[in-house]
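Listed here are the chains, written in short residue letters.
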Amino acid sequence: MKQSLFDAMASSRPLAIVGAVNAYSAMQAEQAGHRALYLSGAGVANASFGLPDLGITSLNDVLEDARRITAASPLPLLVDVDTGFGGAFNIARTVKEMERAGVAAIHIEDQVAQKRCGHRPNKAIVSRAEMVDRVKAAVDARTDSRFAIMARTDALAVEGMDSAVERALACVEAGADLLFPEAMESLEQYRAFCDAVGVPVLANITEFGKTPLFSQQELAGAGVAMVLYPLSAFRAMSRAAETVYRHILQDGHQREAVALMQPREELYRTLGYHDYEAKLDALFAQGGNHD
Ligand SMILES: C[C@](O)(C(=O)O)[C@H](CC(=O)O)C(=O)O
Ligand SMILES: [Mg+2]
């Protein structure tokens, strides 16, 4: 890991953590000035596999995307590992592999393995004891103390606020560094949760869900330490792509959609393309072209 999530949190409060569904998005977020990245479980399922966010993807599916992002950007990466991909030994393996992949933090949740998006109805959660076991397995497997373990609870929608707080406290006792109360509906709920738990709390400000699009200032006022935008760029990219495909089909050309596109020069700037080319030229000048 190049930078820890703890370092990033120390320099920005609240810390905005932005979703990047691939390596290029990670570079764009970094170059825009962001300080922390997120690999969304829904993003891996939707963007990389064309699947819904229902616990269908595996550890290796998520790892592959995580490795591509940590190779492309030094920013700390928080990875959504859903329910940990199995029992205690699987969770331990998840943590070890994520550490090895250069990931800075994971979040693990208390939904049943057949999980759903946290903002959908009819979620089911495991017992508090089972969630505590998940957190213990993750904490015990960690070898780098800079690697952060975030416990997510989906209990608010299923059992209410008291249960969410109780579970969160049990997870902290089991060694969780950070907390993610899913699908909160008001600033008052964030305030009550943050006051009760005593460790840094993340607010998931995903669009079209149960949580209003509170500003970072409002959330900081309620005690929140991190604000997550898991799929914001992906949703915008998807709309842009849909529009381009439609124009090509309907108009017989793409001219109406060019304004939506990133120009070639900006792509090259983001990638550092010209530096690569200059290196290639220098290598050829030294060693000759072997064509
Ligand atoms: C944060 C999340 O777990 C994700 O996978 O990105 C999702 C986001 C979403 O579906 O909007 C969740 O909140 O469950
Ligand atoms: Mg998820």
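Residues numbered from 1 in each chain as written. Chains lettered and ligands numbered in written order. Predicted model: local features only at pLDDT ≥ 70, side-chain atom pairs only at ≥ 80, totals over all residues. Heavy atoms only, no water.

Caption draft 1: The arrangement of the UniProt feature "binding site: Mg(2+)" (unreviewed entry) in the protein in detail. On the UniProt side, "binding site: Mg(2+)" (unreviewed entry) is annotated at positions that read D80 and D82 here. Among the structural elements, D80 can be located in strand β3 (residues 77-80). Leave out the neighbours within four places in its chain, and D80 touches Y38, L39, S40, G41, A42, V62, H107 and E109. Exposure remark for D82: the relative accessible area of 5% places this residue in the buried category. D82 has contacts with G41, D53, G55, H107, I108, E109 and K115, leaving out every residue within four places of it along the chain. (UniProt positions renumbered as here; feature names shortened; annotations may be inferred. Helix = DSSP H or I, 4+ residues; strand = E, 2+ residues; numbered from the N terminus. Contact = heavy atoms within 4.5 Å. Buried < 20%, exposed > 50% of the residue type's maximum accessible area, 1.4 Å probe, protein only.)

Caption draft 2: Local environment of the UniProt feature "binding site: substrate" (unreviewed entry) in the protein. Here, the residues flagged by UniProt with the feature "binding site: substrate" (unreviewed entry) are S40, G41, A42, C117, G118, R152, E182, N204, I205, T206, R235 and R264. Spanning 225 residues, the annotated positions stay apart in the fold, the maximum distance between their C-alpha atoms being 40.2 Å. Inspection of the secondary structure assignment puts A42 in helix α3 (residues 41-49). A42 has contacts with A47, D53, D80 and L231, leaving out every residue within four places of it along the chain. With respect to the helices and strands, the residue N204 is situated in strand β7 (residues 202-204). The exposure class of N204 is buried, given its relative accessible area of 6%.

Caption draft 3: Broad picture of the domain arrangement of the protein. When its domains are assigned, the protein resolves into domain 1 (5-232) and domain 2 (238-285). The distance between the C-alpha centroids of domain 1 and domain 2 comes to 32 Å. Taken together, both faces of the contact between domain 1 and domain 2 bury some 380 Å²; the carbon and sulfur share is 53%. Sorting the residues of domain 1 by area buried against domain 2 places Y24, M27 and Q31 first, and these three jointly supply 88% of that buried surface. One can count 3 residue pairs in polar contact (both at pLDDT 80 or more) joining domain 1 with domain 2. Residue classes in the side of domain 1 that touches domain 2 are distributed as 2 nonpolar, 2 polar and no charged. (Domains from an automatic or database assignment. Buried area = accessible area lost by both parts, 1.4 Å probe. Polar contact = N/O pair within 3.5 Å; in protein donor to acceptor, adjacent residues only side chain to side chain. Nonpolar A, V, L, I, M, F, W, Y, C, P; charged D, E, K, R; others polar.)

Caption draft 4: Expanded view of the nonpolar core. In this structure, V79, M98, V103, I106, L179, Y190 and F193 are the most contacted members of the largest nonpolar core, which totals 63 residues. Those residues in contact with I106 that lie beyond four places of it in its chain are L78, V79, V81, V95, M98, F147, A148, I149 and M150. In terms of nonpolar packing, the next biggest core, distinct from the first, is built from 17 residues, M9, I17, A105 and M226 among them. (Core = buried A, V, L, I, M, F, W, Y, C linked by side-chain atoms within 4.5 Å.)

Caption draft 5: Expanded view of the confidence of the model for the protein. Residues at a pLDDT of 70 or more form 98% of the protein, whose mean pLDDT is 96. For this predicted complex, the interface confidence reaches an ipTM of 0.99, while the overall pTM sits at 0.97. (pLDDT = per-residue confidence, 0-100.)

Caption draft 6: Geometry of the sheet that holds strand β6 (residues 178-181). Taken in spatial order, the 8 strands line up as β6-β5-β4-β3-β2-β1-β8-β7 in an open sheet, and their pairing is parallel. At either margin of the open sheet sits one strand with a lone partner, and together these are β6 and β7. The sheet shows a mean angle of 25° between the axes of neighbouring strands, direction not considered. Here strand β5 (residues 148-153) runs beside β6; their pairing, made up of 4 bridges, is parallel. By the bridge assignment for β6, T153 is matched with P181. (Pairing = 2+ DSSP bridges. Axes fitted to C-alpha atoms, helices over the stretch in contact; angles between N-to-C directions.)

Caption draft 7: Representation of helix α6 (residues 128-141) in the model. Under the 1.5 Å per step criterion, the end-to-end length of α6 is 20 Å for 14 residues, consistent within 8% with the ideal 20 Å. Taken together, the buried positions of α6 are M131, V132, R134, V135, A137, A138 and A141. (Expected span 1.5 Å × (residues − 1).)

Caption draft 8: Structural context of the site of ligand 1. Lining the immediate surroundings of ligand 1 are 16 residues, of which S40, D80, G118, E182 and T206 lie closest. Within the side chain of R152, an N or O atom sits 2.8 Å from an oxygen atom of ligand 1. Burial of ligand 1 by the protein amounts to 95% of the accessible area it has alone, namely 350 Å². Its residues assigned to classes, the shell around ligand 1 shows 5 nonpolar, 6 polar and 5 charged. (Near = heavy atom within 4 Å. Areas by Shrake-Rupley, 256 points an atom, 1.4 Å probe, with all protein chains shown as cover.)

Caption draft 9: Structural view of the environment of D154. Positionally, D154 belongs in the loop between β5 and α7 (155-159). For D154, a relative accessible area of 0% corresponds to the buried category. Between the C-alpha atom of D154 and that of R93, which follows or precedes it by 61 residues, the distance is 23 Å. Not counting chain neighbours up to four residues away, the residues in contact with D154 comprise E109, D110, Q111, G118, K123, I125 and E182. Of note is the side chain of D154, whose polar atom sits 3.0 Å from the side chain of K123.

Caption draft 10: Spotlight on the packing of helix α8 (residues 161-173) against helix α9 (residues 187-197). Relative to each other, α8 and α9 sit at 30°, their axes nearing to 10 Å. Crossing angle aside, the handedness with which α8 passes α9 is right-handed. Touching M161, A164, V165, A168 and L169 of α8 are Q189, A192, F193, A196 and V197, all from α9. The residue makeup of the contact of α8 with α9, split by class, is 9 nonpolar, 1 polar and no charged. (Left-handed = near helix turned anticlockwise from the far one by under 90°.)

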